[in-house]
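Structural overview
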4 protein chains.
Amino acid sequence: MANSKYGYVKNFELPDPVLPDTFMLFRLDGHSFHRFLNSLAALPRSDANTRFTDVHGFEKPNDVRALELMDHAARSVMEEYPDIVLAFGESDEYSFLLKRSTSLYNRRESKIVTTLTSLFTSCYVLYWPKYFPDKPLQYPPSFDGRIVPYPAERHIRDYFAWRQADTHINNLYNTTFWALVQQGGQTTTEAHATLRGTFSKDKHEILYSRFKINYNQLDARYRKGSILVREEEPEVPEAQSEARSEGQAPEGPMTETMTASSTDATPSSVVLTEPAQPKEKKNKKASKKAKPATLIVLLHCDIIKDDFWNERPTLLAH
Amino acid sequence: MANSKYGYVKNFELPDPVLPDTFMLFRLDGHSFHRFLNSLAALPRSDANTRFTDVHGFEKPNDVRALELMDHAARSVMEEYPDIVLAFGESDEYSFLLKRSTSLYNRRESKIVTTLTSLFTSCYVLYWPKYFPDKPLQYPPSFDGRIVPYPAERHIRDYFAWRQADTHINNLYNTTFWALVQQGGQTTTEAHATLRGTFSKDKHEILYSRFKINYNQLDARYRKGSILVREEEPEVPEAQSEARSEGQAPEGPMTETMTASSTDATPSSVVLTEPAQPKEKKNKKASKKAKPATLIVLLHCDIIKDDFWNERPTLLAH
Amino acid sequence: MANSKYGYVKNFELPDPVLPDTFMLFRLDGHSFHRFLNSLAALPRSDANTRFTDVHGFEKPNDVRALELMDHAARSVMEEYPDIVLAFGESDEYSFLLKRSTSLYNRRESKIVTTLTSLFTSCYVLYWPKYFPDKPLQYPPSFDGRIVPYPAERHIRDYFAWRQADTHINNLYNTTFWALVQQGGQTTTEAHATLRGTFSKDKHEILYSRFKINYNQLDARYRKGSILVREEEPEVPEAQSEARSEGQAPEGPMTETMTASSTDATPSSVVLTEPAQPKEKKNKKASKKAKPATLIVLLHCDIIKDDFWNERPTLLAH
Amino acid sequence: MANSKYGYVKNFELPDPVLPDTFMLFRLDGHSFHRFLNSLAALPRSDANTRFTDVHGFEKPNDVRALELMDHAARSVMEEYPDIVLAFGESDEYSFLLKRSTSLYNRRESKIVTTLTSLFTSCYVLYWPKYFPDKPLQYPPSFDGRIVPYPAERHIRDYFAWRQADTHINNLYNTTFWALVQQGGQTTTEAHATLRGTFSKDKHEILYSRFKINYNQLDARYRKGSILVREEEPEVPEAQSEARSEGQAPEGPMTETMTASSTDATPSSVVLTEPAQPKEKKNKKASKKAKPATLIVLLHCDIIKDDFWNERPTLLAH
């Protein structure tokens, strides 16, 4: 065949398996979004770039529509890839944990990292109009992704703690900064100056004394980020399960948060969202027989302390 | 800082530079598209999966709208990344050549491969309605990507020859197959049986004797695939250049632009497409002083023989 | 400087760090030794290669001098590299475990694997005359090495179990094979035929019924392989410790030292061998103040079951 | 089989092929030799380490026995591995070029780099007594190794230029330094001070005006390093060839050098040295029929300019 004499070029594609029996952590970040959702949004616009966040009229310090779009895209990725057991999102980034034993695409790094990044991007663009019906995309947003292998459970605990601590630090800063600007009448330069060298308690104090804002009562979504966790569906008749997932928030400390997070344009937080693909539907049906169906639950709770993990003893087990 | 005790988890992200002074070839493929544009489209639907191509009503054996959408996305990627000097597309795949000396993202493989895959995906979804105004996307399409490093020019020549030979083989098969089905009244099973064991000349003969189709006179787009090549802009006054590029900006489907595409060697569209991003526009203006602006030209010509390469002696030089 | 225009060639040397916080397992094998010490020694000499083991007159099925030379070289490597906490040898191979937290050579794989392989080789050739005083080396023996990263303790347990099980299987086969040949008068072809399809208990039975050999009473060195483990030195006065280590310094073959090696669980040699290098001596003295000196103990005991590991609870802890 | 449940640990050994169709450059360096042969030998002994070069009584600034031992080990490696076409040595380092198309060990990096490092080390220790009959090795010397892949011929040219320029710079410094100490009566501290900030021409001037040393007339071995190159044996009757290789130096500018470099204890420079291994002998005989035998020639000539390469047009061709 004419083609065969060129086929040798395939040999330059080298194998890139991820080390077996390690946790793969897949993280993606908005590319050139300038951290558009909340963190760092307060940076001085020292360059001439027009930011994605400004072009598209994002609210400061947090735009709930943009965050919910991120959650929607992340949920779609988890629905498509059952080996993702946990995800965490803040601002324009999302992290996904694949279970230790996954053999997805034979653990080929490029295949996994590009496919997941692509699907997330695709969902982000496709679902954009649901969250920004009046703001058509002005140009194509993109994300970069990476996979990091972690040998041990403690690394995974610390990884998620690292991201949630980052969420806290950024959000406290941004919340105070924008209060100073929007309610306090400071310029952005003045607001940065006001915050220079302050500690957490100073920012809490500024928020409370000047603006009557109790930081700890702000929406947990902003303070804690978004956790998507795959949980086994409790054994209930299917119809009842549907009803429950639409109407009812999960029990526990985050109940309030969940209620607040629903808007007309977004999926509610504990649904088995409408499967994105026929294939997905098929798989889900097939799996109903073989093993308990799983729910993907959206939470905005603490994942640094032990409670979250103790309540899910099998989360890191496989 | 509270975050610092977790920061060590960053150390597990290992360096992944691509070997210096090699050509990087970035290829992406439609993920689970089932090769929806033309190649393999004739495969029996032996499984229950509903194909992207069927769900979205793609024409057989080639859907020009889908191919033009691929070209549009590829062109957008090239506009954003000046170090991409050549691209080749067929069906649901596209290959991009980065110049040998590129230092894009410090040649970090994951960063490059995910960012490019993401941007292409984003464009594909964003521009879909222009090409399929009556067919909204039913679910998010995705792509996988990879980067292959090639040490020598001859590998690059052979790589592109490999892809274009593949285009020819697939398109001849599919064209004959669908003629047998659509005009010859065969079932798909019968058509496969008719073609089993045939050589190229047999398929040419079937097309001509039964359906009066001269394969070599079919649109070169289908037979040769799409070549996007960056060429230096001829020296024209700036005002004129601007006017020209504005008048041809892709408001809707690029069909008009493509009219000239029916012979092998002629550029089918020499558009300075509207820059996708404000940032891009800025860069282009800045570069006007420093060096000649580049055009991205769409061709459907032979790239296996020497002519294409001899006419562009600097294409692989850097 | 004249040299600077060429210095760019250093950039092609890519980073190769081993994933942090994984156990590195370094294994080396005799290269083209044809498994000269015991395992596979019974293979038919189907090719014309003259084997190392034959050229140098190794005894069958095991040559204690050759095994002790391997142990000596391995011990020297452990003395030089304190981060090696455990080693296991059989036949012409040796495996070394580096502690999980090691930062040896910044965990650069090539640097570690070549340096350790080189030092072992150097010792093997240098100390050869002590074990084979009448058999000068006929040509330079060489070894190949590799490093395998393991994420979890259970992998390390299983790795060493894998090697010791291999030792057992090979030694039982070889012992029976050579009994049939040397005492039973069979040709090697006949002996292979006799053993084809036999299980372990069959080989035990052949040994006992035909040759009065109780396999389980053979030297544990052959049945269990060699374990070198770093253990903390019991608290003895320094002078006494020095005297002791001097008295047992390997002046010649270690045979005397090894005499006690005939039971499974007893340390066969607890030598503070004479440091190979002045540098080593210096380090050892310096470390006497900082932390307890370590002994490298040679054992021929079971490492598949839990006892060995339970008795050394800190072995895999760091 | 009992072993099978542990066999999974083999899966952690990841593939490590070197990119096809690149030149592999294998370099090894004396480990902790403190650059013992000539370069940097003049460094102040600021630490307490006893250097290999001092312990073993190496002459300053160059010890011809030590350099010849390096050459001997390198030659043995080249004899064993026909895909090595060129080598360059200076001081305690040696670089080996494998031909571009080599499929040695399926281009597995760890396998190649460890086996070559091990064989070199083995030869170094084994042949030590021939060069230092009165100086038994006091401790095991070791080397580290690495493989660097190079895409293009110009990289190889520049690599060897880089090493030979390094040889020149180091040797000129060391020669001047030791002249100041040994003949000029300076302390090493004074000699370093004398040389601080000097250029090449200053050092030439010091050597000539103070010590009547014409640097350019010193043994080319020290100034140019050692080149081992595989060349096709001219078509002469075998007996004659043997005679020639023993008695005759290669024609060209290096003739003088070659003559000077032979001592009783070392192989002459253009011999087909006695094959180190029976296997090697067999191979060489076999290859006599199939293709012209190759000679490994030792040179001390310039490899920075074009002449060396122009005279060997096929050296980098495969």
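Note that the structure is a prediction, hence the values are computed from the model and not measured.

1. A short note on the overall build of chain A
From N to C terminus, chain A includes 11 helices and 6 strands. The burial tally for chain A puts 58% of its 318 residues in the buried class. Taking contacts inside chain A between residues at least 6 apart in sequence as the whole, the part at least 24 apart equals 76%.

2. Some points on the UniProt feature "binding site: GTP" (unreviewed entry) in chain A
Residues and elements named next belong to chain A. As annotated in UniProt, the feature "binding site: GTP" (unreviewed entry) corresponds to Ser91 and Asp92 in the numbering used here. Mapped onto the secondary structure, Ser91 falls in the loop between strand E2 (84-90) and strand E3 (93-98). A polar contact is formed between the side chain of Ser91 and the side chain of Asp92, at a distance of 3.4 Å. One can find Asp92 in the loop between E2 and E3. Overall, Asp92 belongs to the buried group, its relative accessible area being 0%.

3. Describing the interface of chain A and chain B
Every contact between the two is made by 58 residues of chain A and, on the other side, 58 residues of chain B. Connecting chain A to chain B are 4 salt bridges. Residue Glu13 of chain B is joined to Arg146 of chain A by a salt bridge in which the shortest nitrogen-to-oxygen separation is 3.0 Å. Counting the contacts that link chain A with chain B gives 18 residue pairs in polar contact (both at pLDDT 80 or more). Contributions of two or more residues to the side of chain A that touches chain B are made by strand E1 (23-31), helix H3 (109-131), strand E4 (142-150), helix H4 (153-183) and helix H10 (278-290) of chain A. Sorting elements by how many residues they give to the side of chain A that touches chain B places H3 of chain A first, with 15 residues. Each residue belonging to the side of chain A that touches chain B can be placed in one class, and the counts come to 30 nonpolar, 16 polar and 12 charged.

4. Regarding the interface of chain C and chain D
Across the contact, 58 residues belong to chain C and 58 residues belong to chain D. Carbon and sulfur atoms make up 64% of the surface buried where chain C meets chain D, a total of about 4,900 Å² over both sides. At the boundary of chain C and chain D, one finds 4 salt bridges. The shortest N-O distance in the salt bridge between Lys111 of chain C and Asp144 of chain D comes to 2.7 Å. At the level of elements, strand E1 (23-31), helix H3 (109-131), strand E4 (142-150), helix H4 (153-182) and helix H10 (278-290) of chain C are the ones that each hand at least two residues to the side of chain C that touches chain D. Per element, the largest residue contribution to the side of chain C that touches chain D is 15 residues, and it comes from H3 of chain C. Across the side of chain C that touches chain D, the residue classes tally to 30 nonpolar, 16 polar and 12 charged.

5. Quick notes on unusual backbone geometry
Of note, the bond from Lys60 of chain A into Pro61 of chain A is cis; its omega dihedral lies within 30 degrees of zero at -5 degrees. Looking at where Pro61 of chain A falls in the secondary structure, it is placed in the loop between helix H1 (52-55) and helix H2 (64-80). Notably, Asp21 of chain C is not glycine yet its phi reads approximately 60 degrees, a positive angle. Counting through the fold element by element, Asp21 of chain C comes out in the segment before E1. Although it is not a glycine, Lys212 of chain D sits at a positive phi angle of roughly 55 degrees. Looking at the element boundaries, Lys212 of chain D is found in the loop between helix H6 (200-211) and helix H7 (220-224).

6. Quick word on the relation of the copies chain A and chain B
Once chain A is rotated about the relating axis by 180 degrees and shifted along it by 0.0 Å, it coincides with chain B to within an RMSD of 0.0 Å. Put plainly, the chains are arranged around a two-fold axis. When the interface residues of chain A are mapped onto chain B, 100% of them again fall at the interface, so both copies present the same face.

7. Notes on the relation of the copies chain C and chain D
For the pair of chain copies, the relating operation is a rotation around an axis with a shift along it. Superposing chain C onto chain D requires a rotation of 180 degrees together with a translation of 0.0 Å along the rotation axis, leaving an RMSD of 0.0 Å. Comparing interface residues between copies, 100% of those in chain C also lie at the interface in chain D; the contact surface is shared.

8. A word on the packing of aromatic side chains
Tallied over the entire structure, the rule returns 92 aromatic pairs over all chains. Ring centres of Phe308 of chain A and Trp309 of chain A lie 5.1 Å apart, and the angle between their planes is 85 degrees; on these two criteria the pair is classed as edge-to-face. Here Phe308 of chain A and Trp309 of chain A have matching classes, each one buried. Among the aromatic side chains, those forming a connected cluster through ring pairs are Phe26, Phe52, Phe58, Tyr94, Phe96, Phe120, Tyr124, Trp128, Phe132, Tyr139 and Phe143 of chain A. Across the ring face of Tyr208 of chain C, the terminal group of Lys212 of chain C is positioned such that the distance to the ring centre comes to 5.8 Å.

9. Things to note about H3 of chain A
Between its terminal C-alpha atoms H3 of chain A stretches 32 Å, which fits the 33 Å expected from 23 residues at 1.5 Å a residue. By the criterion of burial, H3 of chain A is predominantly enclosed, with 20 of the 23 residues buried.

10. Quick notes on the packing of H4 of chain A against helix H6 (residues 200-211) of chain A
Residue and element names in this part refer to chain A. In the contact formed by H4 and H6, the axes pass within 10 Å of each other and the chain directions differ by 35 degrees. In this structure, H4 meets H6 at a crossing whose hand is left-handed. Residues His168, Leu172, Tyr173, Thr175, Thr176, Ala179, Leu180 and Gln183 of H4 pack against Ser200, Lys203, His204, Ile206, Leu207, Arg210 and Phe211 of H6. Counted by class, the contact of H4 with H6 contains 7 nonpolar, 6 polar and 2 charged residues.

11. Considerations on the environment of Arg210 of chain A
Residue and element names in this part refer to chain A. Structurally, Arg210 can be placed in helix H6. Here Arg210 falls in the partly exposed class, since its relative accessible area comes to 47%. Residues Arg210 and Ser91 lie 119 residues apart in sequence; the distance between their C-alpha atoms is 26 Å.

12. Some thoughts on the pattern of salt bridges
In the structure shown here, the tally under the stated rule is 76 salt bridges over all chains. The shortest N-O distance in the salt bridge between Asp21 of chain B and Arg100 of chain B comes to 3.4 Å. Remark: Arg100 of chain B occurs in the loop between strand E3 (93-98) and helix H3 (109-131) and Asp21 of chain B occurs in the segment before strand E1 (23-31); sequence separation between them is 79 residues. The exposure class of Arg100 of chain B is buried, given its relative accessible area of 8%. With its nearest N and O atoms 2.8 Å apart, the salt bridge here joins Arg163 of chain B to Glu93 of chain B. One end of the pair, Arg163 of chain B, is in helix H4 (residues 153-183); the other, Glu93 of chain B, is in strand E3, and 70 residues separate them in sequence. Each of Glu13 and Lys111 of chain A together with Arg27, Asp29, Asp144 and Arg146 of chain B takes part in one network of salt bridges that share partners.

Rules behind the numbers
- Residues numbered from 1 in each chain as written.
- Chains lettered and ligands numbered in written order.
- Predicted model: local features only at pLDDT ≥ 70, side-chain atom pairs only at ≥ 80, totals over all residues.
- Heavy atoms only, no water.
- Helix = DSSP H or I, 4+ residues; strand = E, 2+ residues; numbered from the N terminus.
- Buried < 20%, exposed > 50% of the residue type's maximum accessible area, 1.4 Å probe, protein only.
- Contact = heavy atoms within 4.5 Å.
- UniProt positions renumbered as here; feature names shortened; annotations may be inferred.
- Polar contact = N/O pair within 3.5 Å; in protein donor to acceptor, adjacent residues only side chain to side chain.
- Salt bridge = Lys/Arg side-chain N within 4 Å of Asp/Glu carboxyl O.
- Nonpolar A, V, L, I, M, F, W, Y, C, P; charged D, E, K, R; others polar.
- Buried area = accessible area lost by both parts, 1.4 Å probe.
- Least-squares fit on C-alpha atoms with pLDDT ≥ 70 in both.
- Phe/Tyr/Trp six-rings, centres within 6.5 Å; stacked < 30°, edge-to-face > 60°.
- Lys NZ or Arg CZ within 6 Å of the ring centre and 35° of its normal.
- Expected span 1.5 Å × (residues − 1).
- Axes fitted to C-alpha atoms, helices over the stretch in contact; angles between N-to-C directions.
- Left-handed = near helix turned anticlockwise from the far one by under 90°.

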